[in-house]
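Observations on the three-dimensional arrangement
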Amino acid sequence: VLSRAELDGHLHSLPTQPTAIPYLTSYYSSRWGFCLAHEQRERLPDGEYEVVVDTELRADGSLTLGEAVLPGEEQGEVLLSTYTCHPSLANNELSGPLVTAFLYQRVAAWPRRRLSYRFLFAPETIGAIAYLARHGEVLRERLLAGYVVTCIGDAGPFTLKRSRRGNTLADRAAEYVLGGEPGVRMLDFFPSGSDERQYCSPGFDLPVASVMRTRYGTYPEYHTSLDDRDFISFSAMAESVDVYERILRTLDTNLRLLNTSPYGEPQLGRRGLYPSLGSSKEIDQRVEAMLWILNQSDGEHDLLDIAARSGVPMELIVAAADDLIQAGLLEPADARHSAS
């Protein structure tokens with residue numbers, strides 16, 4: 001039994017947002033309290049209050065993780081990590097699992113996957129740490145790119161938070177796809193935020209970035225009851241699924257190739273790769289793509305590099321590379337090394 005004044009020391013509200021209930025946690029301290037709207041707090045009358053807190057601290061328990069893997073033709077993997085905590089929050093919580101689940105459906109329906117895709121659902125921070133404790137070495141061996149999917153359901157412009165290294169395949173693919181999106185924000189890595197800080201901890205230093213809409217901590221509804229269903233947009237989440245799928249397709253079609261005839265420009269006409277008559281914008285772009293690929297395919301540059309440098313769309317670069325492979329003018333960059 002507490003007086004109104006004693007109770008007030010255990011109440012948490014937001015005077016600047018009087019209708020919002022804050023979301024607060026106290027994981028590792030023996031503290032109790034109640035979150036409520038500030039306008040409700042101010043209406044509490046004087047008198048005695050009976051408080052009942054029925055909970056356990058430091059009891060043995062368990063941690064539940066959800067994982068699904070879509071295998072590909074190669075061992076290299078892409079990680080999509082989202083978190084399952086933050087009860088009642090829509091953008092900061094529910095949008096991530098929703099977008100990730102629909103993205104799983106999209107990737108599962110692809111007729112072919114070159115890479116494998118690992119989808120992880122876990123409580124933020126402690127879940128990622130627990131997962132890394134068990135599977136971190138496997139990720140270090142196989143992970144080519146990864147993304148933390150969070151705050152992805154509002155109607156704001158997209159935000160890329162780069163990985164710790166800042167120039168990984170995850171960063172480059174996201175930069176390429178998001179470069180054409182209006183109002184996009186591209187941020188360098190910082191060691192706070194969501195689970196990217198676990199994957200990018202120096203012992204692992206994994207190529208994991210995060211693609212969001214409005215970044216956590218930068219919108220007034222963040223970590224309050226105002227982050228509800230009215231704040232998120234299902235059309236925005238559908239657009240987020242589309243953008244993430246474009247990023248994953250960029251990763252899946254990206255190759256590092258080697259020009260098998262690097263001493264001068266090979267004769268494309270006798271291989272049926274050069275137009276014999278006339279010209280059109282589409283044909284000119286296809287030839288331009290092939291010339292860029294042949295010039296840059298020295299084993300050091302991948303198709304994503306070539307698309308970004310040339311300005312030719314990635315889809316056209318990939319199609320032209322397929323033609324050159326069929327003509328025997330390109331081979332995987334490691335093929336010649338393994339043969340020798």
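A brief structural summary.

Turning next to the overall build of the protein chain. On a plain count of helices and strands, the protein chain comes out with 11 helices and 14 strands. Against the 2.2 N^0.38 benchmark of 20 Å for 340 residues, the protein chain shows a C-alpha radius of gyration of 25 Å, more extended than a compact globule. With respect to the principal axes defined by its C-alpha atoms, the protein chain has extents near 95 × 40 × 30 Å. Considering only contacts within the protein chain whose residues lie at least 6 apart along the sequence, 80% involve residues at least 24 apart. Here the protein chain displays about 17900 Å² of accessible surface, and carbon together with sulfur accounts for 50% of that area. Averaging the locations of the 32 positively and 47 negatively charged side chains of the protein chain gives two centres separated by 5 Å.

The subject of this paragraph is the sheet that holds strand E14 (residues 330–332). Two strands in a sheet stick together by hydrogen bonds in their backbones, pointing the same way (parallel) or opposite ways (antiparallel). Strand order in the open sheet formed by three strands is E13-E12-E14, with antiparallel pairing between adjacent strands. The sheet terminates laterally at strand E13 (298–302) and E14, the two strands that pair on one side only. The sheet shows a mean angle of 40° between the axes of neighbouring strands, direction not considered. Across the face of the sheet, helix H9 (residues 303–310) comes into contact with strand E12 (256–259) and E13 while running at roughly 65° to E13.

This part covers the nonpolar core. One finds Tyr147 and Leu251 to be the most contacted residues of the largest nonpolar core, which totals 55 residues. If you look at the next biggest cluster of nonpolar residues, it comprises 13 residues, including Leu79, Ala128, Tyr131 and Tyr199.

Our next topic: the pattern of salt bridges. Following the criterion strictly, the structure yields 22 salt bridges and no others. Here Asp205 and Arg164 are joined by a salt bridge, their closest N and O atoms 3.3 Å apart. Pair noted here: Asp205 is in the loop between helix H6 (196–199) and strand E11 (208–212) and Arg164 is in the loop between strand E9 (159–161) and helix H5 (169–178), with a separation of 41 residues, a long-range link. The salt bridge partner of Arg286 is Asp323, with a shortest N-O separation of 2.5 Å. Taken together, the residues span a long stretch of sequence, with Arg286 in helix H8 (residues 281–296) and Asp323 in helix H10 (residues 314–326) at a distance of 37 residues. Judged by relative accessible area, which is 27%, Asp323 ranks as partly exposed. Via salt bridges that share partners, Glu67, Glu77, Arg118 and Arg142 belong to a single interconnected network.

The next point concerns the sheet that holds strand E5 (residues 66–70). The mixed open sheet is built from seven strands, whose spatial order is E5-E7-E6-E8-E11-E9-E10. Of all the strands in the sheet, the pair left with one neighbour each is E5 and strand E10 (185–187). On average, each strand axis in the sheet is inclined to that of its neighbour by 20°, with strand direction left out of account. With seven bridges joining them, strand E6 (residues 77–83) and strand E7 (residues 116–122) adopt parallel strand pairing. When the bridges of E7 are listed, Leu80 appears paired with Phe119. Strands strand E8 (143–148), E9, E10 and E11 of the sheet are contacted by H5, whose axis makes an angle of about 55° with E8.

Bringing helix H4 (residues 126–142) into the picture now. The end-to-end C-alpha distance of H4, which contains 17 residues, comes to 22 Å, matching closely the 24 Å that a straight helix rising 1.5 Å per residue would cover. In the structure, H4 departs most strongly from a straight axis at His135, where the bend amounts to approximately 75°. Looking only at H4, the buried set comprises Gly127, Ala128, Tyr131, Leu132, Gly136 and Leu139. Those residues of H4 that are buried lie in contact with E5, E6, E7, E8 and H6.

Another point: the environment of Leu258. Its place among the elements puts Leu258 in strand E12. Sequence-wise, Leu258 and Ser297 are 39 residues apart; in three dimensions their C-alpha atoms are separated by 4.8 Å.

In this fold, Asn92 is placed in helix H3 (residues 90–108). Within the structure, Asn92 has its side chain in polar contact with the side chain of His86 (distance 3.4 Å). Setting aside residues up to four positions removed in sequence, Asn92 forms contacts with Tyr83, His86, Thr150, Cys151, Tyr216, Tyr219, Tyr222, His223 and Asp227.

Looking now at the layout of surface pockets. The computed volume of the largest pocket comes to approximately 500 Å³. Thr25, Ser26, Tyr27, Ser29 and Arg31 are the residues nearest the centre of the largest pocket, which is lined by 17 residues in total. Considering only residue class, the lining of the largest pocket consists of eight nonpolar, seven polar and two charged.

Moving on: unusual backbone geometry. The residue Ser88 is not glycine, and still its phi comes out positive at about 75°. Along the polypeptide, Ser88 turns up in the loop between E6 and H3. Positive phi values are uncommon outside glycine, yet Thr125 reaches one of about 70°. With relative accessibility at 26%, the residue Thr125 sits in the partly exposed group.

Rules and cut-offs
Residues numbered from 1 in each chain as written. Predicted model: local features only at pLDDT ≥ 70, side-chain atom pairs only at ≥ 80, totals over all residues. Heavy atoms only, no water. Helix = DSSP H or I, 4+ residues; strand = E, 2+ residues; numbered from the N terminus. Rg over C-alpha atoms; globule rule 2.2 N^0.38 Å. Contact = heavy atoms within 4.5 Å. Areas by Shrake-Rupley, 256 points an atom, 1.4 Å probe, with all protein chains shown as cover. Lys, Arg positive; Asp, Glu negative; His and termini not counted. Charge placed at Lys NZ, Arg CZ, Asp CG, Glu CD. Pairing = 2+ DSSP bridges. Axes fitted to C-alpha atoms, helices over the stretch in contact; angles between N-to-C directions. Core = buried A, V, L, I, M, F, W, Y, C linked by side-chain atoms within 4.5 Å. Buried < 20%, exposed > 50% of the residue type's maximum accessible area, 1.4 Å probe, protein only. Salt bridge = Lys/Arg side-chain N within 4 Å of Asp/Glu carboxyl O. Expected span 1.5 Å × (residues − 1). Bend = angle between axes of the 7 residues up to and from the residue. Polar contact = N/O pair within 3.5 Å; in protein donor to acceptor, adjacent residues only side chain to side chain. 1 Å grid on protein atoms, 1.4 Å probe; cavity = no way out; pocket = protein on both sides within 12 Å on 5 of 7 lines; lining within 4 Å. Points joined across faces, edges and corners; volume = space filled by probe spheres on them. Nonpolar A, V, L, I, M, F, W, Y, C, P; charged D, E, K, R; others polar.

That's the geometry; what it means functionally is another story.
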